[in-house]
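Notes for the structure review
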Amino acid sequence: MRTGSRVLLVLLLPVWGSAAAHNGDLTVRPTCKPGFSEEDYTAFVSQNIMEGQKLLKVKFNNCAGNKGVRYETNSLDFKVRADGTMYAAHQLQMPSKPLVLRVTAWDPQSLGRREAIVRFLVAEKSPHSGHKPKGRKVVPGELAQQQSDTLLPWRQHQSANGLRRQKRDWVIPPINVPENSRGPFPQQLVRIRSDKDKEIHIRYSITGVGADQPPMEVFSIDPVSGRMYVTRPMDREERASYHLRAHAVDMNGNKVENPIDLYIYVIDMNDNRPEFINQVYNGSVDEGSKPGTYVMTVTANDADDSTTANGMVRYRIVTQTPQSPSQNMFTINSETGDIVTVAAGLDREKVQQYIVIVQATDMEGNLNYGLSNTATAIITVTDVNDNPPEFTTSTYSGEVPENRVEVVVANLTVMDRDQPHSPNWNAIYRIISGDPSGHFTIRTDPVTNEGMVTVVKAVDYEMNRAFMLTVMVSNQAPLASGIQMSFQSTAGVTISVTDVNEAPYFPTNHKLIRLEEGVPTGTVLTTFSAVDPDRFMQQAVRYSKLSDPANWLNINATNGQITTAAVLDRESDYIKNNVYEATFLAADNGIPPASGTGTLQIYLIDINDNAPELLPKEAQICEKPNLNVINITAADADIDPNVGPFVFELPSVPSAVRKNWTITRLNGDYAQLSLRIMYLEAGVYDVPIIVTDSGNPPLYNTSVIKVKVCPCDENGDCTTVGAVAAAGLGTGAIIAILICIIILLTMVLLFVVWMKRREKERHTKQLLIDPEDDVRDNILKYDEEGGGEEDQDYDLSQLQQPETMDHVLNKTPGVRRVDERPIGAEPQYPIRPVIPHPGDIGDFINEGLRAADNDPTAPPYDSLLVFDYEGSGSTAGSVSSLNSSSSGDQDYDYLNDWGPRFKKLADMYGGGEED
C-alpha cells in the first residue's frame, strides 16, 4: 500500500501539475541538467479512450528553453505534442493490465536523445459503485457511463492498531464532454460523494472557471447528492478544458475532506470549415519551367482540433483556366498546400496567366463527411529570354555629311517577342566590323527599341566616301539556357559620306617668325598660305587681314605673302613680350563660301634705336656743398644689351656747368650730381648732362635737369624763404603780391557793406502817401497777375450761360463749392436774370457783360476770375450794395482821376448809362 500511495502522489505532478506549482511555490535549482522531470510516469485512464483525448503530460528540459524539442513514442496508438501532452491517436480500448510505453525526446541543439517510461493503468471502480442500469446504452466519451455513476475520491482505511488513518486521495480521471451537445440540460456528468456521508451530513460544492468564475454556472453540483451537471452546450473552440475543485464540508461549513481536482475536456466535433488566409493568392513561375517547379503555397486553417480528423485539412485543385497546353499544368500537395508544375510547355508568349481554383477539405479530405472551402490562385507566367532579337531586314543604309557629329544616319529596327521594356526585350547593338577608327556608335531608343546609328567622330569625304558596317543585336539579359542566337541577329549598314565645302586652314597656326625691329617699309616677311581640304573641288583661296592692331602689315590676296606697311617698333604699345600678333583670313569661292583664320606672331629683336633719358628731371640742393647731393640715373626703352651701364658727363659748353657742378659715378646705372664751388646763390639752374648707353653703336642724349638751389637748415632741408627765393622771386616781387592781395580783400569788404546799406535803406524808405489816405489801396490791391501765356488752358464751357438753374437751386444744403456764389439764400440781392444760351460766343460775352453792369450783385468790373465765397453777414457790408443808378447823393467823379484801373467804376457810378 505504501508503494501504491507513492505512485498516486507522483501522478499528480506530471499530469495535472503539482500543488506547489499551482500555488506558485517554485523551487529554483542551482544547476540545470537536461532530461525528463521523471524517469517513470504513471497515469490512470479510463478503459475506453476517445480519439484526441489527453492522457498525460511529460516534462522535458534541455536547459535552452526547449526550442525545437521533438517527442516520439514507440506506439502508433499514442502521440505526443510539442508541449509534451500525450493523446490517443485514435479511439481505442485500454487493456486491463498495465500498458508500458517509451517516450523519446530529441534535442536538435545538442543532438541528444532522452527517454522516459510511461505506464497507463485502468482506473479501478469504487467498491460502492453500483452496476450500470439495464437497458442503458454506453455512450463513449461520457464519464458517467464509462465508469460508475458515483465516485468516491475520499477513502478511509483502518490501521493495524485499530486507529483510522487518512489515506492519500484518488486521482480522478478526466471527464470528457462532447461539444455542441443537444441536451437536455442540465446534463449529469458525474456524482461525487464521501464515505463519511454515513456518519454526518455533508454539503458538496465546486469552484473554478465555469463554476464560480467567468464563464459562470457552466457546471453545477447538487450540494446534497453530489451530482455534477453541465448546464449548456460546450464549444471547444471557445474553451477546450476546465479545471474545477470539488469541496466537501459539514453542516457547519467545516472541511470534511481535502478539495479534489476535476479536469473536464471538451471533445471536438467537426463544426468549422477550413478558412483560407487569403481569398486570392498571387504567384509566378518562369516560362519553360520543368515539371516539379515550385510555384506558391496556399494555406487554410481549421478552428477544429488539429490533432483529430476534424482539423486535418487536405487540398486539391478543382479547375484550371485556361486549359492550355494541358488541363493539368499544376498540382498541389494535399497536406502542405504547395502548388508545383506537373507538365511542361509553359510559354508566356502564348499564355501569360493561369487562374486555379483550390479547395481545402477537413476530415483528411473526405468529401463525403468533411467541410470544404475554396480560394483562387492566380499564377503569372514570367518572361525568360527565350526569344533572341532579330533585325526586320538584313541591310540598312544611311547618309551623313562630312565633318558632322551627333547625327543619326540610320535607324535599325528589330523584333523581340519577349516582355516589352524588360531586360529580356531591351536591345543592345554592337558594330562588329567596318569602323576601325570608331566614327560611329549605335544607341538604343528606350521607347521603340530601335538602334540609332550616330556619328561620334567626324568623317572626311576626302578620306572615306562610304562605310560598310556589320552590326549585331543582343538583349540586355543573357539568353535562356539552350536558346541559340538567330542568324537574323546580324545585319549590314551602308553609310554614304557626302562632300561639303570645307574652310581653308593654315597648316601652321600660330606661325612664329623672328626679325629685327626697324626693317624698312615693303620688306617681305614670310608667306602665310592656307590649304583648301576640298581636293575634289576646283576653288581659289584669297587672303585678307582680319586683325592688324598697328596697321604694320600687308598680305597679298592671292598668294598670302606678308610685307611691312610701316616700320616695326619693338617699343610700341602694341608689342606684348616682344611679340606682335596679326590675324589673317583665308576664304574660298565655294558655295557657300567658307573661310578660316590664321595667326602670325612676329618676334621683334631689339636694336639700339633709343637714346637713354636722364632721371629725375627736377631736384633741389643746398646752396652750400657737402650737405646733400642729387642721385641721378637713366631710363632706356631698349633692352639688354642696348641699355646700361650708362656714362654720365657734363658738357664743356657752357663752361659754367663744369665750374659749378661735378658728377661722381656710383655704378653702371647711378651717379651723383653735386656742387663743385663752396657757395651758389639760391635759384633754379638748368644743368645739362650727357648720358650714353652701352649699345652697338652707342647712343647718347643730352638731358637737362632743373636744380633748385636754396638755403638749408641744420638738417639739410630747404627753408620756406629759401624755397621761395629759389623759385626766382625777389623781395620786391613778394611785397607787390602781398599788396595786391590786401587791396582785393578790401574791395570785397566794401562791396558787401554797400549792399547791406542799400538793403536797409530800401526797407526804411517812407511812403509818399500815407496808407490810410490812399483810397486805391482800400479798394483793391493786386499782388498776382496770373500765369501769362502759360496759363492758357481754359475750359470754354464755363463761358456759356446755363439754360436753367435747377441743378444749382436743387443742390443739397450745406454742399457747395468754395468758389461759387450763393444762390437764392440772399433775399436782399435780386437774382441775375437768366439769359438764353446764345449761339455766338461773342454775343454771349457781350450779353453777360451788359447783365453784369446792370446787376447790383455783380462785382465792380467784369472778370473771368472765380472768387471764393467767404459767407454772408459781414459787418463791413458789401461793395455790391452800391447803387449803380446815376441818382444819389455821392459824387464819384473823382474816380476818373485815379487812372485806367478805376475807369470801369467811374463809368458805372460817375457817368450816365451805356448806350
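This section reports on the structure supplied with the text. (Residues numbered from 1 in each chain as written. Predicted model: local features only at pLDDT ≥ 70, side-chain atom pairs only at ≥ 80, totals over all residues. Heavy atoms only, no water.)

1. Looking at the state of the cysteines
Enumeration according to the criterion identifies two disulfides in this entry. The side chain of Cys622 participates in a disulfide bridge whose partner is Cys712; the two sulfur atoms lie 1.8 Å from each other. Residues Cys622 and Cys712 share a disulfide whose torsion about the S-S bond is about -105 degrees; that sign makes it left-handed. With Cys622 in strand S48 (residues 618-622) and Cys712 in the loop between strand S54 (700-710) and helix H5 (720-726), this residue pair connects regions lying 90 residues apart in the sequence. Of the residues examined, Cys622 reaches a relative accessible area of 1% and is grouped as buried. Here Cys710 pairs with Cys718 through a disulfide, and the sulfurs are 1.4 Å apart. With a relative accessible area of 1%, Cys710 lands in the buried category. In this structure Cys718 comes out as partly exposed when scored by relative accessible area, which is 22%. (Disulfide = S-S within 2.5 Å. Helix = DSSP H or I, 4+ residues; strand = E, 2+ residues; numbered from the N terminus. Buried < 20%, exposed > 50% of the residue type's maximum accessible area, 1.4 Å probe, protein only.)

2. Remarks on the nonpolar core
Counting 25 residues, the largest nonpolar core has Leu189, Ile206, Phe219, Met228, Met234, Leu244 and Ile264 as its most contacted members. Among the secondary structure elements, those contributing two or more residues to this core are strand S15 (175-178), strand S16 (187-194), strand S17 (202-208), strand S18 (219-221), strand S19 (227-230), strand S20 (241-250) and strand S21 (255-267). The element contributing the most residues to this core is S21, with five residues. Residues within four places of Met234 in sequence aside, it is in contact with Val177, Glu179, Asn180, Val218, Phe219, Tyr242 and Val266. (Core = buried A, V, L, I, M, F, W, Y, C linked by side-chain atoms within 4.5 Å. Contact = heavy atoms within 4.5 Å.)

3. Comments concerning the environment of Pro401
Following the sequence through the fold, Pro401 ends up in strand S32 (residues 395-401). For Pro401, a relative accessible area of 23% corresponds to the partly exposed category. Counting along the chain gives 97 residues from Pro401 to Thr498, while the straight-line C-alpha distance between them is 4.7 Å.

4. Concerning the pattern of salt bridges
Evaluation of the coordinates by the stated rule reveals 20 salt bridges. In this structure, the salt-bridge partner of Glu72 is Arg113, at a minimum N-O distance of 3.9 Å. A residue pair is termed long-range when its members are at least 10 positions apart, and Glu72 in strand S6 (residues 70-73) and Arg113 in strand S11 (residues 112-122) qualify at 41 residues. Overall, Arg113 belongs to the exposed group, its relative accessible area being 52%. Between Glu335 and Arg314 there is a salt bridge, with the nearest N and O atoms lying 4.0 Å from each other. Of this pair, Glu335 sits in the loop between strand S27 (330-332) and strand S28 (338-341) while Arg314 sits in strand S26 (residues 314-321); the two residues are 21 residues apart in sequence, bridging distant segments of the chain. Through salt bridges with shared partners, one network takes in Arg236, Glu237 and Asp268. (Salt bridge = Lys/Arg side-chain N within 4 Å of Asp/Glu carboxyl O.)

5. Here we look at the environment of Val500
Here Val500 shows up in the loop between strand S39 (490-498) and strand S40 (511-516). For Val500 and Asn403, which are 97 residues apart along the polypeptide, the C-alpha to C-alpha distance reads 8.4 Å. Non-local contacts of Val500, meaning those with residues more than four positions away in its chain, are made with Pro401, Glu402, Asn403, Asp534 and Met537.

6. Quick look at the sheet that holds strand S44 (residues 561-564)
On the basis of which strands lie adjacent, the open sheet formed by three strands has the order S41-S44-S43 and antiparallel pairing. Since the sheet does not close on itself, it has two edges, and those belong to strand S41 (524-527) and strand S43 (553-555), each with one partner. Going across the sheet, the axis of each strand differs from the next one's by a mean of 25 degrees, ignoring polarity. Looking at chain direction, S43 and S44 are connected through three bridges and run antiparallel. Its bridge partner being in S44, Asn554 is matched across the sheet by Thr563. (Pairing = 2+ DSSP bridges. Axes fitted to C-alpha atoms, helices over the stretch in contact; angles between N-to-C directions.)

7. Observations regarding the side chain of Glu179
Looking at where Glu179 falls in the secondary structure, it is placed in the loop between S15 and S16. As a buried residue without a salt bridge, Glu179 has its nearest oppositely charged side chain in Arg236, at a separation of 4.8 Å. Within the structure, Glu179 has its side chain in polar contact with the backbone nitrogen of Arg236 (distance 2.9 Å). Those residues in contact with Glu179 that lie beyond four places of it in its chain are Met234, Asp235, Arg236, Glu237, Val266, Ile267, Asp268, Met269 and Asp271. (Lys, Arg positive; Asp, Glu negative; His and termini not counted. Polar contact = N/O pair within 3.5 Å; in protein donor to acceptor, adjacent residues only side chain to side chain.)

8. Overview of a nonpolar patch on the surface
There is a patch of nonpolar side chains on the surface, built from Leu744, Val748, Phe751, Val752, Trp754 and Met755 and spanning about 600 Å² of accessible area. Secondary-structure assignment places Phe751 in helix H6 (residues 731-764). (Patch = residues over 30% accessible without salt bridge, like charges linked within 9 Å, V, L, I, M, F, W, Y side chains within 5 Å. Areas by Shrake-Rupley, 256 points an atom, 1.4 Å probe, with all protein chains shown as cover.)

9. Describing the environment of Tyr685
Position of Tyr685 among the secondary structure elements: in strand S53 (residues 683-692). On the basis of relative accessible area, Tyr685 is assigned to the partly exposed category, the value being 24%. Separated by 19 residues in sequence, Tyr685 and Val704 place their C-alpha atoms 9.5 Å apart. Filtering out sequence-adjacent residues up to four positions away, Tyr685 remains in contact with Trp661, Leu680, Ile705, Lys706, Val707 and Val709. A polar atom in the side chain of Tyr685 sits 2.6 Å from the backbone oxygen of Glu681.

10. A few points about the sheet that holds strand S35 (residues 427-433)
Adjacent strands of a sheet form backbone hydrogen bonds with each other and so pair up, either parallel or antiparallel. Taken together, the four strands give an open sheet; going across it, the order is S32-S39-S38-S35, and neighbouring strands pair in mixed fashion. At either end of the open sheet lies a strand with only one pairing partner, and these are S32 and S35. Mean inter-strand twist for the sheet, computed between neighbouring axes without regard to direction, equals 30 degrees. For S35 and strand S38 (residues 466-475), the ladder comprises six bridges, and the chain directions are antiparallel. Residue pairing for S38: Ala427 is matched across the bridge by Asn475.

11. Description of unusual backbone geometry
For the bond running from Phe185 to Pro186, omega is -5 degrees, close enough to zero to count as cis. Tracing the backbone shows Pro186 in the loop between S15 and S16. Here Val653 and Pro654 are connected by a cis peptide whose omega angle stands at -5 degrees. Take Pro654: it is sitting in the loop between strand S50 (647-649) and helix H4 (655-660). Here Asn180, not a glycine, exhibits a phi torsion of approximately 60 degrees, which is positive. Position of Asn180 relative to the elements: it lies in the loop between S15 and S16. Residue class for Asn180 comes out partly exposed when judged on its relative accessible area of 37%. Here Asn577, not a glycine, exhibits a phi torsion of approximately 55 degrees, which is positive. Position of Asn577 relative to the elements: it lies in the loop between S44 and strand S45 (579-588).

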